[in-house]
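Observations on the three-dimensional arrangement
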Protein chains: 4
Amino acid sequence: MSDEYKLWEKKQQDKGVNIGWVKERLKSFKVETPSWGYGDSGTRFKTFKQVGVPRNLFEKLEDAAQVNKYTGMCPTVAIHIPWDKVDDYGKVKEYAAQLGLKIGAVNPNLFQDDDYKFGSLTNVKPDIRRKATEHMLECIDIAKEVDSNIISLWLADGTNYPGQGDFRMRKHYLEQCLKEVYDALGDNMRLLIEYKCFEPAFYHTDIADWGMSYTFSSKLGPKAQVLVDLGHHLQGTNVEHIVAFLLDEGKIGGFHFNNRKYADDDLIVGSINPYELFLIFNELITASLDESTAQTAANIAYMIDQSHCIEPKIPAMIRSVLNIQTAYAKALLVNRNELKQAQEADDVMAAEAIVREAFETDVQPLLEAVREEMGLQPDPMATYIKSGYGEKILSRGIGGKGWE
Amino acid sequence: MSDEYKLWEKKQQDKGVNIGWVKERLKSFKVETPSWGYGDSGTRFKTFKQVGVPRNLFEKLEDAAQVNKYTGMCPTVAIHIPWDKVDDYGKVKEYAAQLGLKIGAVNPNLFQDDDYKFGSLTNVKPDIRRKATEHMLECIDIAKEVDSNIISLWLADGTNYPGQGDFRMRKHYLEQCLKEVYDALGDNMRLLIEYKCFEPAFYHTDIADWGMSYTFSSKLGPKAQVLVDLGHHLQGTNVEHIVAFLLDEGKIGGFHFNNRKYADDDLIVGSINPYELFLIFNELITASLDESTAQTAANIAYMIDQSHCIEPKIPAMIRSVLNIQTAYAKALLVNRNELKQAQEADDVMAAEAIVREAFETDVQPLLEAVREEMGLQPDPMATYIKSGYGEKILSRGIGGKGWE
Amino acid sequence: MSDEYKLWEKKQQDKGVNIGWVKERLKSFKVETPSWGYGDSGTRFKTFKQVGVPRNLFEKLEDAAQVNKYTGMCPTVAIHIPWDKVDDYGKVKEYAAQLGLKIGAVNPNLFQDDDYKFGSLTNVKPDIRRKATEHMLECIDIAKEVDSNIISLWLADGTNYPGQGDFRMRKHYLEQCLKEVYDALGDNMRLLIEYKCFEPAFYHTDIADWGMSYTFSSKLGPKAQVLVDLGHHLQGTNVEHIVAFLLDEGKIGGFHFNNRKYADDDLIVGSINPYELFLIFNELITASLDESTAQTAANIAYMIDQSHCIEPKIPAMIRSVLNIQTAYAKALLVNRNELKQAQEADDVMAAEAIVREAFETDVQPLLEAVREEMGLQPDPMATYIKSGYGEKILSRGIGGKGWE
Amino acid sequence: MSDEYKLWEKKQQDKGVNIGWVKERLKSFKVETPSWGYGDSGTRFKTFKQVGVPRNLFEKLEDAAQVNKYTGMCPTVAIHIPWDKVDDYGKVKEYAAQLGLKIGAVNPNLFQDDDYKFGSLTNVKPDIRRKATEHMLECIDIAKEVDSNIISLWLADGTNYPGQGDFRMRKHYLEQCLKEVYDALGDNMRLLIEYKCFEPAFYHTDIADWGMSYTFSSKLGPKAQVLVDLGHHLQGTNVEHIVAFLLDEGKIGGFHFNNRKYADDDLIVGSINPYELFLIFNELITASLDESTAQTAANIAYMIDQSHCIEPKIPAMIRSVLNIQTAYAKALLVNRNELKQAQEADDVMAAEAIVREAFETDVQPLLEAVREEMGLQPDPMATYIKSGYGEKILSRGIGGKGWE
């Protein structure tokens, strides 16, 4: 134990922090990385191809295993169908297990087939809705094969012009399709419904905000919940408030982490507005300590969803995981007893200070200590870079898998 | 019937418009004006006082009667308690009736008492929640006295800083209070719950978006519905989509009309983005023609809520009413059969054109004809200005009632 | 002359409109269409390929000629290098002339070469800046060959993360490169400098707003001016104010027309917020009538820049041109004498009404009359569709040129 | 020197930080507090009056002296005319001196007089422009009397509706007035021109963005510079980029610090988005180290401009000052040599990490050490609260000066 850590621990204990509990929470905290985050992605103007990008799902899993190896907190990997489609999912499960991994959420793709030009589950043509629904059912089957219990639905459907579509008719189509999908879920499976204000649809999006996801989820039943992607809100949205609201309603099921300054920029989580990320975790941790919300909080799937356009993929993923861990650690340090007292006394200055000061705390000594106790190196990024893995995969060449 | 109108009618009939139906809808369309819209209002920097502003509720009703007299479509007036508090509401009802008016929605005020500095229905102190709830109950009593069946709740509660309040605890307080209020509603009464993204609270607002209003309304029951204020959304929100969604859920109960370019600017409705206003009415009219949504659409309370900071109050109100009528008339002209066909054929260009061209139609000939059939002058604004009423009220002097 | 038009004309003349002048302005008004607007484009998620899309610049010119044929107002076509690169620009000029067209603005591409991953004119590496500058110089040479006198520079350069780039160093690089480019402009040539708040860069964009374009243009000299793309502003921006400001400074050189509800959605101009488009033209027309701004206004290049992701390309372009013509026509009807009087009397209601009522006027009778006087069919869209051209080009097959 | 600080210093030195230089910069860093920040302020809905608020300028200075006493970095106080108007400014200067203070920027008020309903310096009526100009000249005289060399101009002028005003005519009026004001500035005086996107004007604001402030400043001459208020931007604006751009142009003269989540919320600086504040200081410090920008950076006036609606005034001001100091200290820790190397190598991940890690550093040990070396208590907030001053001023009663 370093002198620095000892001093740090003493200081926190003096502030009333239960260090044992904090460490325990940190050790059991897991974040899922996405298979597509290891591949090439870009903007509508250009995808810059990188050397060393994985050429198939197996290589993506290898890269994901690196992130898990050095951070110790990413044992599951989300997959995207058909980008990650294979003939034999048994082999995927097996290879993942060899790498110390499991398959996480299964993500259907309802936006890239030519048939979906005017919508998938909301398409005015019954056969296209049928096709889209079948794809959802296929994803449920795949999830069962790979022992996954989460289907993450991002529905890109929407319209570009006033008049183009009938909002309510499309809503009815969507509800019908979702009902069929919901009924096909296995016993322990959940359908997480994402929302997004715009892009690729530029006038209206059929599931545009959390209220729509919530309404659909509520009508479907307890296995359906809302998925919050941090980049899918209009400017100015108080995301932590939405998270708290959904926690209270028992209807938040997962996160897609990333960051943005403008629209759905899909940047490294915590890189643009780290305080917002911290405040979201503050709500999650508080809810995990309240009886009425503890179970909902415990079941939340923490997943990363980013597009690394100019960054090297594996370091970008490690950085994302570490930023999440940092925000989570800081949020664990909030003295909730004192905060409650300040809130009950309407002491705005004190309440604000308790939250902000936890954010301002340097948690590096803590995280290094926790990593050592977990048998990890204290600096995951440096350790990865020194490992030579980044150079090794260059032999894969250019033109690995992107969003295809 | 003017030559211009004859030509106009012929052209519309050739396009398949049922002019008789359009006129009937226009003649039965009503908009409520707010008592406070006749008084002084301003920004945090300055309220510019105008000469002739009404000094009490009775004078506000006199002004509102002028708007109704010339537009023929504003027979009800919303009141705001305590701004419009009087000893004897029987007299108010009687005076309104003499003026050809009725009292419309009753609006509680939960933001101006010193006790509400840190919240009203969400205040951490039980006695302040009690006081706020009692005020709501008082408003229900007043509503019963004046034969009103709508309580419009705009809850300004929120916080300015992270940590200041406990989101979920405040939500619980709010739900308890709303339950008590809901249970006190009379048989035909409705509680309309407004939402707002920010202001006066600058970090979080307890009812921040339609999803929160919807959740509260749904849990309360059928007498609770969402109230949509056009200025209470984040930039980029597709309001017509939200309206359609709520119509489909049977949970939209009313509107607060106004317009804005930035935040909740409370400008004259239709003055900044007239196409948006038209698109909202397009959804409302379509829903009124569908069996599943007709009843919800029929019960919507159309109300104006504006702050006329630099405009003369009565002309600003007449303009607002006329802009609403114009948007409504244009939306009635949409050929919904052709639109449906274009939508079903995925003919984006045709569908867009049908909607846009209805908007581009000049409805002045129609509105003049309708007014004449209603026994009104064709140009309400010019007729009002010529009437001399604006000069007559100057004798009221300066310093009439504002938001107080 | 139809009865409808006669009535329309009479009514406008009674309002003080000089119809002869309005028609003259409409007949001489020109809009440039972009070669790339006839090709496939999409979002980062998917480009839906259309059958019949042109396979080379010559076919793009053929399509553009159709738009000009039916609208009578699009005799020039902007090109994009290298998307439209050919061996012999003499042939391009010649073929365009046969089609009744000329080549308009030349648009360099500084965002699609792998070398530009971290910037082009702002790249930290001198050889890449050299390459980008040479490309600009090449575009000037091409412009000279095709008798174009406008270079439109959209610089996509920027960074995705805090710290990634040195803002001021990049600014210096940019100024050096632009100086060299500026000095190479021919006598009658202009460099129009576009700005954009974000995308594809997600943290900072080197030319982020009009103020930056203006600063660079001012320092370069009179041949450099600002190019305003309607979709490149943050939400809430008052674009017409910026246009008026730049007109007054003599520093606006052109427009890229399109529309958006959220970000740079590149939708059909006038389809989302037609009032804004009208208000912009209102400023342009007023400036054209003032001695101090007339010359600047006269030299503005009106250009369309859109991405037709789901629309058929030629109809989408015709619609765009017609929407611009409609907005322009309405703005010509503003009674500027009365407006000036109302403004000088601080009569807010009257001033607003003069502007709004011009917008609410149906200009279809006028536009049909003008088209007939120009020897065109009154309904360009219907005439094009009936022409069979859309079917004829289907033989080109799928997979024509997109953004490549 | 505490063990904690010793460890902290060692760690920073190992990272290449020059601690002596950092401390020197911190000791010489000054922030100006505003007289009006000690008074009552509110929203358009309500101003909650606080007990103990100063009743005149002299009491405001007493409160400001408290902030300076405990933070050691606020020796100047901005004043607002006419809110702080007195008969004898000699007495003000003298009393300030007794309190260890000087008067800082003089802020004219061009928005609260009834004459300014339709504009002040841009008013269509010459006599009102004259009055407004005279007020500016009066402020220059007052500045001379109190030995201040900064006039901060926030111009609230604008319009609420399309058509209401003539953008270019108003621009001309403004330029004429500013010219006269500029010419009256004393030798060492500067005119800092603020910009704001909206409020209180809701359609257009005459000085709407930095580009307009920059244009006016540039045309006036070297004594005119841009003033950046952190809350006066549209959502999504990259403020640090604007700051860097203006530094490079030598045209930034000062800041109005505050924070916001939505519009111009005027919250405690650093309370909503602390990373943005840090990134702004990062630009300022880098510019202070470059020869070409050092002088501009050295002359920047750091000023707070906030509205404490629900917070106790003096603690809110201390918190603001400390948040600024914290951000400044963190920005001093950025290793600029390493950053430059990473930028030149296009190493996005390394460059981003250098900046972010400086932000994540806990600077509390450093700030405590610096305070002790300055003869201050290590915890200014706690020391102030313990001092009893907050209780002492309660005898002033309620109803002290607000924005009046």
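Looking at an unreviewed UniProt entry, one finds chain A named L-rhamnose isomerase, with Mahella australiensis as its source organism.

Bringing the overall build of chain A into the picture now. Across its full length, chain A holds 16 helices and ten strands. Taking 404 residues into account, the globule formula puts the C-alpha radius of gyration at 22 Å, and chain A, at 21 Å, falls close to it. By its C-alpha atoms, chain A is 65 × 55 × 40 Å across when sized along the principal axes. Within chain A, buried positions represent 70% of all 404 residues.

With an axial shift of 0.0 Å and an RMSD of 0.0 Å, the rotation relating chain C to chain B amounts to 180 degrees. These values place the two chain copies in the arrangement generated by a two-fold rotation axis. Judged by C-alpha distance, C:Asp362 is the residue of chain C that lies nearest the rotation axis, at 2.6 Å.

So, about the pairing of strand E2 (residues 76-81) of chain C. Consecutive side chains along a regular strand alternate between the two faces of the sheet. All names here are of chain C. Summarising burial for E2: five of the six residues are buried, a large majority. Where strand E1 (residues 33-34) and E2 come together, two bridges link them in parallel fashion. Residue pairing across strands places Pro34 opposite Ala78, the latter belonging to E2.

With 58 residues of chain A at the contact, the number on the chain B side is 58 residues. Both sides of the chain A and chain B interface together cover about 4600 Å² of buried area, and 59% of this is carbon and sulfur. When residues of chain A are sorted by the area they lose upon contact with chain B, A:Arg168, A:His241 and A:Asp346 head the list and together hold 15% of the total. Note that B:Asp248 and A:Lys171 form a salt bridge whose closest N and O atoms lie 2.6 Å from each other. Seen at the junction of chain A and chain B, the total is 24 residue pairs in polar contact (both at pLDDT 80 or more). Residue assignment for the side of chain A that touches chain B shows that the elements contributing at least two residues are helix H6 (167-183), strand E7 (204-205), helix H7 (210-220), helix H8 (239-249), helix H9 (274-288), helix H12 (336-344) and helix H13 (348-360) of chain A. For the side of chain A that touches chain B, the leading source of residues is H8(A), giving eight residues.

Looking now at the pairing of strand E8 (residues 224-229) of chain C. All names here are of chain C. The buried fraction of E8 is high, at six of six residues. Direction of pairing for strand E6 (residues 190-194) relative to E8: parallel, over a ladder of four bridges. Bridge assignment links Leu192 to a residue of E8, and that residue is Gln225. The sheet contact formed by E8 and strand E9 (residues 252-257) spans four bridges and is parallel. Bridged to Leu227 within E9 is Gly254. With respect to chirality, the unit in which E8 leads through helix H8 (residues 239-249) into the neighbouring parallel E9 is right-handed.

Residues and elements named next belong to chain C. With respect to the element layout, Thr71 can be found in helix H3 (residues 57-71). Of note is the side chain of Thr71, whose polar atom sits 2.6 Å from the backbone oxygen of Val67. Leave out the neighbours within four places in its chain, and Thr71 touches Ile318, Val321, Leu322, Leu376 and Pro380.

Residue-level contacts link 37 residues of chain C with 37 residues of chain B. Summing both partners gives a buried area of about 2800 Å² for chain C against chain B, and 57% of it is carried by carbon and sulfur. Remark: the boundary between chain C and chain B carries two residue pairs in polar contact (both at pLDDT 80 or more). For the side of chain C that touches chain B, the secondary-structure elements that each account for two or more residues are helix H1 (3-14), helix H9 (274-288), helix H11 (313-332) and helix H13 (348-360) of chain C. Ranked by the residues each element gives to the side of chain C that touches chain B, the list is headed by H13(C), at seven residues. Tallied by class, the residues present in the side of chain C that touches chain B amount to 14 nonpolar, eleven polar and twelve charged.

Residues and elements named next belong to chain A. A cluster of acidic side chains, namely Asp87, Asp88, Glu94, Asp141 and Glu145, defines a negative patch on the protein surface. Considering the arrangement of structural elements, one finds Asp141 in helix H5 (residues 126-145). On the accessibility criterion, Asp141 (44% relative accessible area) is partly exposed.

Here we take up the relation of the copies chain A and chain B. Superposition of chain A onto chain B requires a rotation of 180 degrees combined with a translation of 0.0 Å along the rotation axis, giving an RMSD of 0.0 Å. Looking at chain A, 100% of its interface residues are interface residues in chain B too, so the copies touch through the same face.

Tallying each qualifying case throughout the model produces 114 aromatic pairs over all chains. Among the aromatic residues, those joined into a ring-pair cluster are A:Phe29, A:Phe255, A:Phe257, A:Phe281, A:Tyr302 and A:Tyr328. Directly above the ring of A:Phe245 sits B:Lys171, whose terminal nitrogen or CZ lies 4.7 Å from the centroid. The side chain of D:Lys330 reaches across the aromatic face of D:Phe359, ending 4.4 Å from its centre.

All names here are of chain B. In the contact formed by helix H6 (residues 167-184) and helix H7 (residues 210-220), the axes pass within 10 Å of each other and the chain directions differ by 45 degrees. By the angle between their axes, H6 is oblique relative to H7. Regarding H6 and H7, the two cross each other, and that crossing is right-handed. On the side of H6, the interface is formed by Lys171, Leu174, Glu175, Leu178, Lys179 and Tyr182, while H7 contributes Phe216, Lys219 and Leu220. In terms of residue class, the contact of H6 with H7 is built from five nonpolar, no polar and four charged.

Below, the discussion takes up the pattern of salt bridges. What the rule picks out here adds up to 140 salt bridges over all chains. For C:Glu59, the salt bridge goes to C:Arg396, with nearest N and O atoms at 3.4 Å. Pair noted here: C:Glu59 is in helix H3 and C:Arg396 is in the segment after helix H16 (389-392), with a separation of 337 residues, a long-range link. The buried category is assigned to C:Glu59, whose relative accessible area is 11%. The closest approach of N and O atoms between D:Asp14 and D:Lys10, which form a salt bridge, is 2.9 Å. Taken together, the positions of D:Asp14 and D:Lys10, both in helix H1 (residues 3-14) and four residues apart, correspond to about one turn of that helix. For D:Asp14, a relative accessible area of 57% puts it in the exposed group. Because the salt bridges share partners, they merge into one network encompassing A:Arg44, C:Lys196, C:Glu199, C:Asp264 and C:Asp266.

Here the focus is the UniProt feature "domain: Xylose isomerase-like TIM barrel" (unreviewed entry) in chain A. Under the present numbering, the feature "domain: Xylose isomerase-like TIM barrel" (unreviewed entry) in UniProt falls on residues 89-265 of chain A. Taken end to end, residues 89-265 of chain A has its terminal C-alpha atoms 32 Å apart, with 39% of it in helix and 18% in strand.

To continue, consider the environment of D:Ala201. All names here are of chain D. Within the secondary structure, Ala201 is located in the loop between strand E6 (190-194) and strand E7 (204-205). Separated by 63 residues in sequence, Ala201 and Glu138 place their C-alpha atoms 25 Å apart. Those residues within four positions of Ala201 in sequence are excluded, and the remaining contacts are Ala156, Gly158, Thr159 and Asn160.

The rules behind each value
Residues numbered from 1 in each chain as written. Chains lettered and ligands numbered in written order. Predicted model: local features only at pLDDT ≥ 70, side-chain atom pairs only at ≥ 80, totals over all residues. Heavy atoms only, no water. Helix = DSSP H or I, 4+ residues; strand = E, 2+ residues; numbered from the N terminus. Rg over C-alpha atoms; globule rule 2.2 N^0.38 Å. Buried < 20%, exposed > 50% of the residue type's maximum accessible area, 1.4 Å probe, protein only. Least-squares fit on C-alpha atoms with pLDDT ≥ 70 in both. Pairing = 2+ DSSP bridges. Contact = heavy atoms within 4.5 Å. Buried area = accessible area lost by both parts, 1.4 Å probe. Salt bridge = Lys/Arg side-chain N within 4 Å of Asp/Glu carboxyl O. Polar contact = N/O pair within 3.5 Å; in protein donor to acceptor, adjacent residues only side chain to side chain. Right-handed = clockwise from strand over helix to strand, strands pointing away. Nonpolar A, V, L, I, M, F, W, Y, C, P; charged D, E, K, R; others polar. Patch = residues over 30% accessible without salt bridge, like charges linked within 9 Å, V, L, I, M, F, W, Y side chains within 5 Å. Areas by Shrake-Rupley, 256 points an atom, 1.4 Å probe, with all protein chains shown as cover. Lys, Arg positive; Asp, Glu negative; His and termini not counted. Charge placed at Lys NZ, Arg CZ, Asp CG, Glu CD. Phe/Tyr/Trp six-rings, centres within 6.5 Å; stacked < 30°, edge-to-face > 60°. Lys NZ or Arg CZ within 6 Å of the ring centre and 35° of its normal. Axes fitted to C-alpha atoms, helices over the stretch in contact; angles between N-to-C directions. Parallel < 35°, antiparallel > 145°, perpendicular 65-115°, else oblique. Left-handed = near helix turned anticlockwise from the far one by under 90°. UniProt positions renumbered as here; feature names shortened; annotations may be inferred.

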